[in-house]
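Commentary on secondary and tertiary structure
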Amino acid sequence: MVYGELCLRDLLELIVQKGLKAGASFCEARFFEERAKYISVENGVAKSMSSGILHGVGVRVIVNGKWGFASTNVSTKISVERVLCDAIGGAKSISAQKGEEAEIVDQKPVVETVVHEVKLNPDDVSEEEKVKRMLEIEKASRTYSEKVKDTFVSYREVLSKIMVHNSFGTLVEETTPRIMVYCNVISKEGTNMQSGFESKGNVAGYELVETIEIEKFSLKAAETAVKLLDASPPPRGTFTVVVDPDVGGLFVHEAFGHNSEGDLVFGGQSIIADKMGQKVASDLVTIWDDPTIHKNGHFVYDHEGTKAEPHLIVNKGILVGYLHSLESAAKLGGKPQGSARAQNHHSSPIIRMSNTYFAAGDMSLEEVLEDVKTGVFLSGSQYGYVETQKGQFTCKAEQGWLIRNGELSEHLRDVAINGLTLDALKNVSAVSNEVRIEMPGMCGKSGQSMYVDAGAPYMRFEGIVVGGRR
Amino acid sequence: MKNMEEIDIRSPVEKAAKMLSKMNLDFFDVYAAYSRSLSIEVLGKGIKEAVSRTDLGLGVRAYKNKGLGVAYSQSLKTEDIETTVRKAVSFATVAQPDPHFKGMPGPSKAPKVEGLCDPEVASLSLDDAGKLVKNMIEAVENVRKGAMYAGGLGAGHMKGFLVTSTGVSVEAEKTSVSAAIVPTYKEGDDIGSSSEYDYAISLKEIDFEKIGKQAAEKAIEQFGSERVESGILPIILTPESSSSLVFSLLGAISGESVVKGRTYASGCLGKQIAPQFFSVVDDGTIPGAISSGAFDGEGVPRRRVVAIEKGVVKTFLHNYYSAGILGVEPTGHAVRGGYGGHVGAGPTNVQVEHGDSTLDEMVAETKTGILATNMIFTPNTVSGEFSSTIDEGFLIKNGEKKHPVKNLMVGGHMLELFRDIELVSKEGRTIGKGYFFPNIKLKQIKLAGK
């Protein structure tokens, strides 16, 4: 792309130089581009196809100890220069105000270009072929049972390109292809309606679609939706709870992961801000956030130009690390390992999880369940949220089962759990020996949406509140 | 905010429409939007970052044989518009006929809605925005020092232009401003944290000092939270919680999902779902109100609609597509999600009719119950069942507000909640000159706690 007479790389370099000349102690210019295509199938009809291109430049500076950020998608050199002026003017305008001083760790410059390779470029597959494949996937769920009322399959391919240049001399460029396929099924019997959902998503080319097994995807969503018609609302109260790897993934992301984000830690918004080196969980709990694993939260460089490394957060119950940006590493005395990402050019990089998971223990699922006289087993994640400053979380599962004497019994629907993070983690009493990270999705924070994944082994928690109608 | 650079969005839209009109389509629309926004971000000890953004884009929706092709671009250069148009048209030919699609609305006349653009917001500088945020934080500290913060201020100025193949040509301009602050205090391991916010079209509608003072007072009240027993108790929802109850119902009676029988409220049209004293009006024509406009996202005039009248669901909230399925007139509730091309349906300014009780009376007459001061009802929209956390609330004992609660959930079915509305207060909260939510007392709710 050319901005006026300049190629993109030259433009970013020019902006950073000008930023430093204008008095910035740190200047970062970031180009973002996203090319997306979307197919929507509903009840056997591929009723819409869309595509779009987002692109622009965001500039971030530190001037007089305050951050200024500005962005534009008006693609002219004049417009980007104006953005630099706005960022500098913004930082100056608040520099007299009492508040949070901007501070970052020094970084060695890195110059690298990363292109994630794909086996099958989506551009080499015709739109007609993609539509045909989505219709096949959808048909399996629609024809599963007469109780299936509505079926939806959506396909999204995204090619994003991010170029970060900063005043350390770093210039990294990363091009990332992604594919996401979602299947949603609504079942109906009389006035009772339920739904089932499956998703696939990763840093990948069209080969991801070719590996979708219908039985484990759209057929499974239909089966869940239909079986939930006969499920009961859950009981209410405090129970021993066993979670599957998806609910465990949702739990580790919501209940603990957000609390470990360095910006929330230095900002006084985390329940574990004063707990470094202390015991925050049962000995059975080890937590990792790892952007190097090839899952939906995978990347090589974060959006500050820091190379991604695995982050150990909790080791056998002891808090050993936070997720860092350049700023949180400076303020909390840590090392940036690549956790700062921005949704697009209109947003500043903030600290985000990547692929977050509870590490495996040494029990079988049967052993995790066997001591439970009465409890609730939760499966499939729907949504969750957390108030990090209070450490109170909510996780909604797709379905559940009552546990009686170590066996799964009555099928349950619309089950959610709530708890206080530190109490819940201290009450982990069993962990199975196999981790599954397979819940590709988007995480929202401060108005920004970001690709993440999460997982866990099967885990048992004592004393968890289950909300229900009974 | 520096005033907007003069960028012409009319000519690119007209250029695209001219191209599309020669492409033998069933229908098309073209929408472009241009906005400037600024924000002051607050984190930790106070003001952290000053932000400004310029956004611009154009989207095309093209229907060919009832198949929809959509394309959008963030560049309004002639060659990029041409590419966008060609892409939308080629996708429309690959997409399959949507049997429910009945077309697009034609042109209508509607009176101008006054007061949707505040020059003070349009010309707000980051300097002045920073001072307003400083006042908000000082108001917190005047109540009690030592908090850590999250929150900030956002202000925006937006212009949009829509043209359709059916003759709609609508321009809109609007400003908005929002403020929020979350102070968190600590006393040993005990935490007192809460939030306060407001949003409006005009700067003068927002009282930054009041937001700060109330946030601090609410945060301090949260110290000493305790768990409570599971049970079935009355619950009083303050406007911060009753708004979520009402929004979730209006979402469930909006657009395509409800008319295709996919929400728990699909069978509720014409039915009594709440007591006679419960009514909800949606009015997108209130001058100066945050969700007002002369036209909706498809160019249909906005209007005042009584959605729930004396407890009966009188109408669903329609865009042209959902109205077409039921064979009724659209109600002016099309929501266009920017220039990305998606058009849905949803409420505008929502006003719950006030009752004749007061919050004090509701609390005083409750022997044992819960006062929910902040909670979000997050139902399964298909089944209507919910299982949600009371994010902030208090136990009521013998007619008095006692300690704050924690680790407490409620569960049930959304329609049970509307059936169990017992009292609605006279007083309530007005937001953005358009929304009004009173306190609502429900006869009972199922609690999951200790």
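Residues numbered from 1 in each chain as written. Chains lettered and ligands numbered in written order. Predicted model: local features only at pLDDT ≥ 70, side-chain atom pairs only at ≥ 80, totals over all residues.

Brief notes about the overall build of chain A
- From N to C terminus, chain A includes 10 helices and 24 strands.
- Taken along its principal axes, the extent of the C-alpha atoms in chain A is 70 × 55 × 35 Å.
- Burial status across chain A gives 62% buried among its 470 residues.
- Pairs at least 24 apart in sequence give 75% of the contacts found in chain A among residues at least 6 apart. (Helix = DSSP H or I, 4+ residues; strand = E, 2+ residues; numbered from the N terminus. Buried ≥ 20, exposed ≤ 12 C-beta atoms within 10 Å, placed from the backbone. Contact = placed C-beta atoms within 7 Å.)

As for unusual backbone geometry
- The backbone of Asn405(A) shows a phi angle near 50°, a positive value even though the residue is not glycine.
- By secondary structure assignment, the location of Asn405(A) is in the loop between β18 (392-404) and β19 (407-420).
- In this model, Lys433(B) sits at a positive phi of 65°, which is unusual for a non-glycine residue.
- With respect to the secondary-structure elements, Lys433(B) resides in the loop between β19 (421-431) and β20 (435-448).
- For Lys433(B), a count of 19 C-beta atoms within 10 Å puts it in the partly exposed group.

Some details on the pairing of strand β22 (residues 441-445) of chain A
Residue and element names in this part refer to chain A.
- Across five bridges, the pairing between β22 and strand β23 (residues 448-456) is antiparallel. Directly across from Cys-443, in β23, lies its bridge partner Met-450.
- With antiparallel pairing between neighbouring strands as the criterion, β22 and β23 make up a hairpin whose turn holds two residues, including Ser-446 at a positive phi of roughly 50°. (Pairing = 2+ DSSP bridges.)

Section: the domain arrangement of chain A
All names here are of chain A.
- For chain A, the domain assignment lists domain 1 (2-33 + 53-113), domain 2 (114-161 + 170-228) and domain 3 (237-467).
- For domain 1 versus domain 3, the separation of C-alpha centres amounts to 34 Å.
- Domain 1 puts 17 residues into the contact, and the matching count from domain 3 is 15 residues.
- Counting only elements with at least two residues in the side of domain 1 that touches domain 3, the list comes to β3 (26-42), β4 (45-63) and β5 (66-72).
- The dominant element in the side of domain 1 that touches domain 3, judged by the number of residues it contributes, is β4, at five residues.
- In terms of residue class, the side of domain 1 that touches domain 3 is made up of nine nonpolar, five polar and three charged. (Domains from an automatic or database assignment. Nonpolar A, V, L, I, M, F, W, Y, C, P; charged D, E, K, R; others polar.)

Regarding the interface of chain A and chain B
- In this complex, chain A contributes 68 residues to the contact, which on the side of chain B involves 64 residues.
- Residue contributions to the side of chain A that touches chain B peak at 12 residues, all from β4(A).
- Tallied by class, the residues present in the side of chain A that touches chain B amount to 21 nonpolar, 33 polar and 14 charged.
- Pairing analysis gives six bridges linking β5(A) to strand β2 (residues 46-64) of chain B, with the strands arranged parallel. When the sheet's bridge partners are listed, Thr72(A) is paired in β2(B) with Thr54(B).

A short note on the environment of Gly399(B)
- Examined against the element boundaries, Gly399(B) turns out to sit in the loop between β16 (385-397) and β17 (400-404).
- Sequence spacing of Gly399(B) and Lys367(B) is 32 residues, and the spatial spacing of their C-alpha atoms is 5.4 Å.

Details of the packing of helix α2 (residues 77-94) of chain A against helix α4 (residues 126-143) of chain B
- The N-to-C vectors of α2(A) and α4(B) enclose an angle of 35°; their axes lie 8 Å apart at closest approach. Relative to α4(B), the crossing made by α2(A) is right-handed. Contacts between α2(A) and α4(B) involve Gly89(A), Gly90(A), Ser93(A) and Ile94(A) from the first element and Leu126(B), Asp127(B) and Gly130(B) from the second. (Axes fitted to C-alpha atoms, helices over the stretch in contact; angles between N-to-C directions. Left-handed = near helix turned anticlockwise from the far one by under 90°.)

Remarks on helix α2 (residues 78-94) of chain B
- Its 17 residues give α2(B) an end-to-end C-alpha distance of 25 Å, which sits within 8% of 24 Å, the value for a rise of 1.5 Å per residue.
- The set of residues buried in α2(B) consists of Ile81(B), Thr84(B), Val85(B), Lys87(B), Ala88(B), Val89(B), Phe91(B) and Ala92(B).
- On its buried face, α2(B) is in contact with β4 of chain A together with α1 (10-21), β2 and β3 (67-73) of chain B. (Expected span 1.5 Å × (residues − 1).)

Points about the confidence of the model for chain B
- Averaged over all residues, the pLDDT of chain B is 95; the fraction at 70 or higher stands at 99%.
- Across the whole predicted complex the pTM is 0.94, and at the interface the ipTM reaches 0.92. (pLDDT = per-residue confidence, 0-100.)

Here we look at the environment of Val258(B)
Residue and element names in this part refer to chain B.
- Within the secondary structure, Val-258 sits in helix α7 (residues 255-259).
- According to the C-beta neighbour criterion, Val-258 is buried, with 27 such atoms within 10 Å.
- C-alpha separation for the pair Val-258 and Phe-316, spaced 58 residues apart in sequence, amounts to 7.7 Å.
- If we skip the residues at most four places from it in the chain, Val-258 touches Ala-252, Ile-253, Thr-263, Ala-265, Ser-266 and Phe-316.

Things to note about the domain arrangement of chain B
Residue and element names in this part refer to chain B.
- The assigned domain composition of chain B is domain 1 (10-220) and domain 2 (225-450).
- Once you take the C-alpha centre of each, domain 1 and domain 2 turn out to be 23 Å apart.
- Tallying the contact residues gives 35 residues for domain 1 and 26 residues for domain 2.
- At the level of elements, β1 (27-44), β2, β3, β4 (148-164), β5 (169-187) and β7 (196-200) are the ones that each hand at least two residues to the side of domain 1 that touches domain 2.
- In terms of residue count, β2 provides more of the side of domain 1 that touches domain 2 than any other element does, four residues in total.

Considering the nonpolar core
- The biggest cluster of nonpolar side chains holds 278 residues, and the ones touching the most others in it are Val61(A), Val241(A), Val60(B), Ile253(B) and Ile370(B).
- At 10 residues, β1(B) tops the list of elements feeding residues into this core.
- Not counting residues up to four positions away in its chain, the partners in contact with Ile370(B) are Leu233(B), Ile235(B), Ile390(B), Gly393(B), Leu395(B), Ile396(B), Val405(B) and Leu447(B). (Core = buried A, V, L, I, M, F, W, Y, C linked by C-beta atoms within 7 Å.)

Structural notes on the pairing of strand β10 (residues 304-309) of chain B
Residues and elements named next belong to chain B.
- Bridge count between strand β9 (residues 280-283) and β10: four bridges; the pairing is antiparallel. From the neighbouring strand, Asp-283 faces β10, where its bridge partner is Arg-304.
- Counting the residues in the hairpin turn of β10 and strand β11 (residues 312-313) gives two residues, including Lys-310, whose phi is positive at 50°.

Here we look at helix α6 (residues 239-252) of chain B
All names here are of chain B.
- The end-to-end C-alpha separation of α6 is 20 Å, in line with the 20 Å expected for 14 residues at 1.5 Å each.
- The buried fraction of α6 is high, at 11 of 14 residues.
- When α6 is considered as a whole, its buried residues turn out to be Pro-239, Glu-240, Ser-241, Ser-242, Ser-243, Leu-245, Val-246, Ser-248, Leu-249, Leu-250 and Ala-252.

Quick notes on the environment of Ile431(B)
All names here are of chain B.
- Inspection of the secondary structure puts Ile-431 in strand β19.
- A tally of 21 C-beta atoms within 10 Å means that Ile-431 is categorised as buried.
- If sequence neighbours within four positions are ignored, Ile-431 has contacts with Asp-198 and Tyr-199.

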